[in-house]
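Spelled out, the chains give:
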Amino acid sequence: ETGVTQTPRHLVMGMTNKKSLKCEQHLGHNAMYWYKQSAKKPLELMFVYNFKEQTENNSVPSRFSPECPNSSHLFLHLHTLQPEDSALYLCASSRSGAAGGDTQYFGPGTRLTVL
Amino acid sequence: GNSVTQMEGPVTLSEEAFLTINCTYTATGYPSLFWYVQYPGEGLQLLLKATKADDKGSNKGFEATYRKETTSFHLEKGSVQVSDSAVYFCALIIGGSARQLTFGSGTQLTVLP
């Protein structure tokens, strides 16, 4: 599957670093999502963008800052993270405003480790 | 609110055994239902879906039927392979596109040769 790509695949950062995660979808979708997958916890939705507008922010701490410059790209900017933020960060996309638009397609994820 | 309950794992089977992973849901409205699979070290892949009652989703030998009367979407496969070893997630969505998927906690499946 190359419809949704994420870079980097692995990232190790210190608590004072600033880094960004990138997601790109090649499916012509208009909605994009960030999810967090921690060990032994259900997947947590973080942000939803629909036609480049943020439509959901699930009480995510401000040290996570999303950016959606166009419908194909989604970023997650990270700064002053905590060790408990270590997780797999998954990006997904879906069509919007169309029949069958509820199916979300996921990227491979970025494995983040905060030291 | 919406929720998805999956059978607790891990599940360990021998190759060619029959697989059932139970999934039940609660939802306000009429959800679309999904099974996603996550292979080791990878992201989630859509395995199958069903959008209305009595629909059957199928893919790669896996099947699940949307049962409104029992609010269930159990995943089945007649003969599992070692390559089916993965974590399986049941999920639902209400209201169409750009909405939050509600996931179950996932069921780890290990198939032994």
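Residues numbered from 1 in each chain as written. Chains lettered and ligands numbered in written order. Predicted model: local features only at pLDDT ≥ 70, side-chain atom pairs only at ≥ 80, totals over all residues. Heavy atoms only, no water.

Undergrad: What is the right way to look at the overall build of chain A in this model?
TA: The number of helices and strands found in chain A is 0 helices and 11 strands. When the elements of chain A are put in sequence order from the N terminus, they spell out β-β-β-β-β-β-β-β-β-β-β. For chain A, the C-alpha atoms occupy an extent of roughly 45 × 25 × 25 Å along the three principal directions. For chain A, the proportion of its 115 residues judged to be buried stands at 47%. Contacts spanning at least 24 positions in sequence make up 53% of the contacts within chain A whose residues lie at least 6 apart. For chain A, the separation between the mean place of its 11 positive charges and that of its 9 negative charges on side chains is 7 Å. (Helix = DSSP H or I, 4+ residues; strand = E, 2+ residues; numbered from the N terminus. Buried < 20%, exposed > 50% of the residue type's maximum accessible area, 1.4 Å probe, protein only. Contact = heavy atoms within 4.5 Å. Lys, Arg positive; Asp, Glu negative; His and termini not counted. Charge placed at Lys NZ, Arg CZ, Asp CG, Glu CD.)

Undergrad: Help me understand the side chain of Gln 104 of chain A, please; the structure alone is not making it clear to me.
TA: By secondary structure assignment, the location of Gln 104 of chain A is in the loop between strand E9 (87–94) and strand E10 (105–106). Discounting chain neighbours no more than four positions away, the residues touching Gln 104 of chain A are Tyr 33, Tyr 35, Ala 92, Ser 93 and Ser 94 of chain A together with Tyr 36, Ile 93, Arg 99 and Leu 101 of chain B.

Undergrad: Explanation requested: the sheet that holds strand E7 (residues 56–59) of chain B in the structure shown.
TA: Sheet strands associate in pairs through backbone hydrogen bonding, adopting either a parallel or an antiparallel arrangement. Residues and elements named next belong to chain B. With antiparallel pairing, 4 strands are arranged side by side in an open sheet as E3-E9-E8-E7. Pairing within the sheet leaves two strands with one partner each, and these edge strands are strand E3 (19–21) and E7. For this sheet, the mean angle separating the axes of adjacent strands, direction not counted, is 15°. (Pairing = 2+ DSSP bridges. Axes fitted to C-alpha atoms, helices over the stretch in contact; angles between N-to-C directions.)

Undergrad: I would appreciate a short explanation of the interface of chain B and chain A in the present structure.
TA: Many analyses report the size of an interface as the accessible area lost when the parts associate. In this assembly, 19 residues from chain B lie in contact with 26 residues from chain A. Roughly 1600 Å² of surface becomes buried between chain B and chain A when both sides are summed, with 55% attributable to carbon and sulfur atoms. One can count 0 salt bridges joining chain B with chain A. On inspection of chain B and its partner chain A, the count reaches 5 residue pairs in polar contact (both at pLDDT 80 or more). For the side of chain B that touches chain A, the secondary-structure elements that each account for two or more residues are strand E5 (32–38), strand E6 (44–50) and strand E10 (86–93) of chain B. At 4 residues, the largest contribution of residues to the side of chain B that touches chain A is made by E5 of chain B. For the side of chain B that touches chain A, the residue count by class is 9 nonpolar, 7 polar and 3 charged. (Buried area = accessible area lost by both parts, 1.4 Å probe. Salt bridge = Lys/Arg side-chain N within 4 Å of Asp/Glu carboxyl O. Polar contact = N/O pair within 3.5 Å; in protein donor to acceptor, adjacent residues only side chain to side chain. Nonpolar A, V, L, I, M, F, W, Y, C, P; charged D, E, K, R; others polar.)

In short, the description is geometric, and any link to function would need to be established separately.
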